[in-house]
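# Structural description and commentary
Below, each chain spelled out in residue letters.
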Amino acid sequence: MSEPLLNVTGLTMRFGGLVAVDGVNLSADTGRITALIGPNGAGKTTIFNCLTGFYKPTSGELSLAHPTRGKVSLQTLPGYQVARHGVVRTFQNIRLFPRMTVLENLLVAQHVGLMQKSVLGIAGLLGLKGWRTAQKEAIERARFWINRLDLAAVANEEAGNLSYGMQRRVEIARAMNTDPLLLCLDEPAAGLNPRETAALGELLQGIRAEFGIGILLIEHDMTLVMGISDHIHVVEYGRKIAEGTPAQIRTDERVIKAYLGEPDEEELPPVVAADIADVAGEGDRV
Amino acid sequence: MATPIETKLKDSVAAAGLALVLSIPFIGLHTISTDQGLVVESRWSWVAWAVGLVFIGRLLLGFARDALAARAASRPKKQAKPVVAGAPTLAARLTRAFMVAALLFAVTLPFMPYSDRYIIDLGTTVLIYILLALGLNVTVGLAGLLDLGFVAFYAIGAYSFALLSKFFGLDFWVCLPLSGLIAALFGAVLSLPILRLRGDYLAIVTLGFGEITRIVILNWQGLTGGPNGVSGIPRPGLFGLSFDRRPPEGMGSFHEVTGISFSGEHRLMFLYLIVLALVCLAVWVINRLRALPVGRAWEALREDEIACRSLGINPTASKVSAYAIGGMMGGFAGCFFAARQGFVSPESFGFIESALILAIVVLGGMGSQVGVVIAALFIVMLPELGREFADYRMIVFGLAMITIMVWRPGGLLSTRVPTVKLDQKGA
C-alpha cells in the first residue's frame, strides 16, 4: 500500500501539565471518508487544531503526501500555510465572515490564487486583462459551489443573516473553494435536523466521489458517521482506543465502554449516547 | 405608560431646583470691568427666567413623552423587515446618485459667484479631513484594526515634504508621492509590534505611537526645528507656473502666462482642486482595493481572523498592508497640508486630531466611504457654522455627536455595499 495522503504518528499535545492528546496515530487518504469519534473532551478538536496549524504539537509527525510538493511536515509550517498545502477545515462553532455575502465568503477562500493573479493588487488596480479573467474564473468557481450546495437564492445575502443549516453549507462551500486535498470537518452535523443531516451525508459522499479528495470528520451523530465513513478512529482521554471499519467499531468493546460506561448498566444504543454527548457540549474548541 | 401629574410636577420641581443651583454661578453672577477693575454684578431676573423655563420645559417634556407613548401603543407593531435580495441595490443606487451630485458640487464650488476666500478655505479643510478619514477608514473600517494615533502619519507626511523641500529643494509634485511612500513605510514598520494585540491594548499602543511621533518631532531640534516648526515650504505650482504675484526665480507666473488678472484667490482655488483630486483618487483606489483580494482579506480579517488563517490568508501581511495603505493616505494629506500652510509645527498634530479623524470614521459608519464624506462635512462644518455661539459651539457639537450615535449606533451609513454580485443566470 502506498503512502496515505495524511499520516499522523505519535501526535502529542500538552498544555502545561495537561496532556490533551497523547501519542495518537492516524491516517486519512484521498477518496476516503475518515471519521474521528470519541466522548466529549477526548481531544478530537485538539487533534484538528494541530493538524490545521492552529496549535504547534508538543511532539509527533504530521506528514502530508502532497502530489506536487512531495512529503510535507505540517507541524513545521506557519499556521496559515497549512491551508495553502491543501488541508482545510471548518469549525465546530461556525466561523463565516458574517457581514460579507455568501459569494464574497467564497471569494475570500480563493485569496491565495487570486492574489497571485492580481500581482500584489497592481494588475487588479489597473484592471488588466489577466486579472479580469482570473476574477471571472473565481466567480464561476464560486457559482459552481453555490449551486452545488443549493445556496443560489442567498448568494448575495450577508452570511450572518442565514439560517444555521445554510451557514454550515456555506462553510463547507468556502472550504471547497480553496481547492483542498483533505477537507477536515469539525462536527458538521451539529445543530442540523435529521433531514439536513441526511442531506449532509449525501453531499459528503458526493464530494468524495466527484473530486476524489479525502475527508476527515469529527462527528457525534453516529447515524451519519456509521453511514458514510470508510474508516473510524476512536479517541478517549487523548489516546486512540480503537480503529476500524464502522462494522468493527460498532462491536468493539472498548468503544462501547467508552461511550456507555461499564456493561452492567442499562444498554443504550450508540445513537442515544451520541445525542447525550451532543447535549453536553464540548469544551475544547478553538 | 402615562405618569400621574404629581410625578411630573415633582420631576419639574427637581429639575428647576437643579437649574437654580447651576444658574446662580453660571448666569446669576457676571463680571464687568470698570475703572476700578473687575466688579461682580448680579442678574437675578435672568436666574428666575432660567428656572421658570426649565420648570415649564420639564413639564412639557413629560406630557410630550406620554403622547408619544400613547401613539406608539396605538400603532400596530412593525414587522421585522424581511431580507430581500433587491434591497441593497436601491441603497447602492442612492449612494451612487449622492456621490455624483457631491462630486459635481465639489468641482464647481470654487467657480461659483458666492464662493469667497472663506468658503474655498473651509472646503479645503473639509477635503483634508475626508482624505485623512478615508485613510483611517482602511485600517479601522475595513481591516477592523483600531488606530488612535493616526495623526502620526499626517505628521510624517507633512514633515516629509517640509524637510525634503528644505534640505533638498524638492517641489510639491515630487514630494507628494514620496511623502505617501514614507508614511506607508512607517505604517508598515509601526504595525509590526502590534500584530498580536487587539482591543484595548491595540488602542493604547497606537495612541502611544501618535504621541511618540509628535514628541520626537518636538524634541529633534536639529532636524525638525522643534517647537518652531519648519517654515518657508514652497507652494505647489501648476506645470512650473507659480500663483504668487511675484514668482520665485526661474518660475513663470500663472496670471502672466494665462493673461488672467492676478488674484490671491487663484492659489486657494488651485489648492482646493488639488486636494479634491487627491480625495477622488483615494476614493477610487480604495473602492478598487475592496474588490481585490487585498481588500477582501482586510474585510475578512475584520470579520474573523481565525477563519482567515484557516483559508490560507496570512494575517500578518493583511495587517501590515492595511496600516501601510491607511498610512499612505495620511501621508498624502500631510504633504498637502504642509503645502497649503507653508509652515508646519508639532502643534498641528496633537491627539485631538486623531480623535477627530476617528470620530469621522465612526460617525460615518465604519467602512463606508460615503458615510465618511458626510461625517467629515458634518464634523468640520458644524463648529464653523456655530461660530456665533462662540464658546457654546463645542457643547452643541458634542450634543450633535451624541444624538447621532443614539439615533444611528452603527454610524450614518452602516449598510455595507457588497463588492460583487452574482447574477442569477443558470442558477
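### Focus: the packing of aromatic side chains
- Applying the stated criterion across every chain yields a total of twelve aromatic pairs over all chains.
- Judged by centre distance (5.9 Å) and plane angle (80°), the rings of Phe54(A) and Phe91(A) are edge-to-face. Separated by 37 residues along the polypeptide, Phe54(A) in the loop between α1 (44-51) and β4 (59-66) and Phe91(A) in the loop between β6 (87-89) and α3 (102-109) bring together distant segments of the chain.
- The buried category is assigned to Phe91(A), whose relative accessible area is 1%.
- For the ring pair Phe144(A) and Phe211(A), a centre distance of 6.2 Å and an interplane angle of 80° mean the geometry is edge-to-face. Remark: Phe211(A) occurs in helix α8 (residues 194-211) and Phe144(A) occurs in helix α6 (residues 129-148); sequence separation between them is 67 residues.
- Overall, Phe211(A) belongs to the partly exposed group, its relative accessible area being 34%.
- One aromatic cluster is present, built from ring pairs that chain together Tyr154(B), Tyr159(B), Phe337(B) and Phe349(B).
- Directly above the aromatic system of Phe97(A) lies the positively charged group of Arg174(A), at a separation of 4.8 Å from the ring centroid.
- A cation over a ring is seen here: Arg43(B) above Trp46(B), with NZ or CZ 4.1 Å from the ring centre.

### So, the domain arrangement of chain B
- Examined at the domain level, chain B breaks down into domain 1 (5-73) and domain 2 (91-407).
- On a C-alpha basis, the centres of domain 1 of chain B and domain 2 of chain B stand 43 Å from each other.

### A few points about the packing of helix α5 (residues 151-168) of chain B against helix α6 (residues 172-191) of chain B
Residues and elements named next belong to chain B.
- It is the contact of α5 with α6, at a shortest axis distance of 8 Å, that shows an interaxial angle of 140°. Classified by the angle between their axes, α5 and α6 sit oblique to one another. In this structure, α5 crosses over α6, and the sense of that crossing is right-handed. Contacts between α5 and α6 pair Phe153, Ile156, Gly157, Ser160, Phe161 and Leu164 from the former with Phe172, Cys175, Leu178, Ser179, Ile182, Ala183, Phe186, Gly187 and Leu190 from the latter.
- Here the contact of α5 with α6 is composed, by residue class, of eleven nonpolar, four polar and no charged.

### With respect to the sheet that holds strand β3 (residues 33-37) of chain A
Residue and element names in this part refer to chain A.
- Here we have six strands laid out as an open sheet, ordered β6-β7-β8-β3-β9-β10, and mixed in their pairing. At either end of the open sheet lies a strand with only one pairing partner, and these are β6 and β10 (239-244). For this sheet the average axis-to-axis angle between neighbouring strands, irrespective of direction, equals 20°.
- In the packing of α1 onto the sheet, the strands contacted are β3, β6, β7 (182-186), β8 (214-218) and β9 (231-236), and the crossing angle to β8 comes to about 145°.
- Most of the contacts of helix α11 (residues 253-260) go to β10, to which it runs at about 125°, and overall it touches β3, β9 and β10.

### Here we look at the interface of chain B and chain A
- Taken together, the contact pairs 40 residues of chain B with 46 residues of chain A.
- The junction of chain B with chain A conceals about 3,800 Å² of combined surface from both sides, 62% of it contributed by carbon and sulfur atoms.
- Put simply, chain B and chain A have two salt bridges between them.
- Among the salt bridges present, the one from Glu104(A) reaches Arg416(B), with a minimum N-O distance of 2.9 Å.

Parameters at a glance
Residues numbered from 1 in each chain as written. Chains lettered and ligands numbered in written order. Predicted model: local features only at pLDDT ≥ 70, side-chain atom pairs only at ≥ 80, totals over all residues. Heavy atoms only, no water. Phe/Tyr/Trp six-rings, centres within 6.5 Å; stacked < 30°, edge-to-face > 60°. Helix = DSSP H or I, 4+ residues; strand = E, 2+ residues; numbered from the N terminus. Buried < 20%, exposed > 50% of the residue type's maximum accessible area, 1.4 Å probe, protein only. Lys NZ or Arg CZ within 6 Å of the ring centre and 35° of its normal. Domains from an automatic or database assignment. Axes fitted to C-alpha atoms, helices over the stretch in contact; angles between N-to-C directions. Parallel < 35°, antiparallel > 145°, perpendicular 65-115°, else oblique. Left-handed = near helix turned anticlockwise from the far one by under 90°. Contact = heavy atoms within 4.5 Å. Nonpolar A, V, L, I, M, F, W, Y, C, P; charged D, E, K, R; others polar. Pairing = 2+ DSSP bridges. Buried area = accessible area lost by both parts, 1.4 Å probe. Salt bridge = Lys/Arg side-chain N within 4 Å of Asp/Glu carboxyl O.

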